[in-house]
Amino acid sequence: MPHRRLVVGAILVDDLGAPSRVLACRRTRPEAIAGRWEFPGGKVEPGETPAAALVREVAEELGAAIEVGAELRDAAGGRWPIDERYELALLFAVVAPGELPRAGSDHDELRWLSADTLGSVDWLPSDTQALPRLRALL
Ligand SMILES: Nc1nc2c([nH]c(=O)n2[C@H]2C[C@H](O)[C@@H](COP(=O)(O)OP(=O)(O)OP(=O)(O)O)O2)c(=O)[nH]1
């Protein structure tokens with residue numbers, strides 16, 4: 001199987017040590033996935049670490065500085081498939097002190113979700129795969 005390019009997503013939580021809420025973001029584009037909810041992030045550039053890509057993407061999309069924590073892997077220690085070309089790395093993160101994430105042009109709504117409400121929005125399919133493991137940590 002050819003090597004898949006990496007997309008990173010931030011599981012932005014209220015507290016890295018004792019998370020109880022996660023930030024979900026509703027995409028505005030492209031049209032095929034507009035209205036679906038995701039973890040903010042994007043494609044890792046060549047030579048960039050996943051954590052550095054995440055800091056860059058969240059600053060661009062939500063205007064907020066973050067601190068990056070551990071990665072959420074699947075039960076076998078793997079990342080999350082998107083399609084033939086991409087796979088998803090999900091990294092926990094917190095907003096830096098004094099920072100406030102705001103929707104820019106990539107999103108039209110942000111919502112903080114708890115274990116009880118995590119399934120209440122229409123997540124992208126690759127993100128849906130990770131929800132049971134994430135919910136167990138909230
Ligand atoms: N950002 C993000 N993308 C996701 C998630 N889940 C998922 O399947 N994807 C898919 C949607 C997109 O096809 C792809 C990431 O593309 P993107 O548009 O966010 O990346 P980017 O910001 O680098 O965009 P671009 O510069 O290439 O336009 O991964 C997720 O939780 N967050």
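Please read these numbers as outputs of a predicted model, since none were measured by experiment. (Residues numbered from 1 in each chain as written. Predicted model: local features only at pLDDT ≥ 70, side-chain atom pairs only at ≥ 80, totals over all residues. Heavy atoms only, no water.)

Novice: So what exactly am I meant to see when it comes to the pairing of strand E7 (residues 86–95) here?
Specialist: On any regular strand, side chains alternate: one points to one face of the sheet, the next to the other face. Of all 10 residues in E7, 9 are buried; the element is thus mostly enclosed. One ladder, built from 8 bridges, connects strand E1 (residues 5–12) with E7; its direction is parallel. Counterpart to Ala10 in the pairing with E7 is Leu91. As paired elements, strand E5 (residues 66–72) and E7 share 5 bridges and run antiparallel to each other. Its bridge partner being in E7, Leu72 is matched across the sheet by Leu90. Pairing analysis gives 2 bridges linking strand E6 (residues 80–81) to E7, with the strands arranged antiparallel. Bridging from a neighbouring strand, Pro81 pairs with Glu87 of E7. Here E6 folds back onto E7 in antiparallel fashion, the turn holding 4 residues. (Buried < 20%, exposed > 50% of the residue type's maximum accessible area, 1.4 Å probe, protein only. Helix = DSSP H or I, 4+ residues; strand = E, 2+ residues; numbered from the N terminus. Pairing = 2+ DSSP bridges.)

Functional significance is not addressed by these values, which are geometric in nature.
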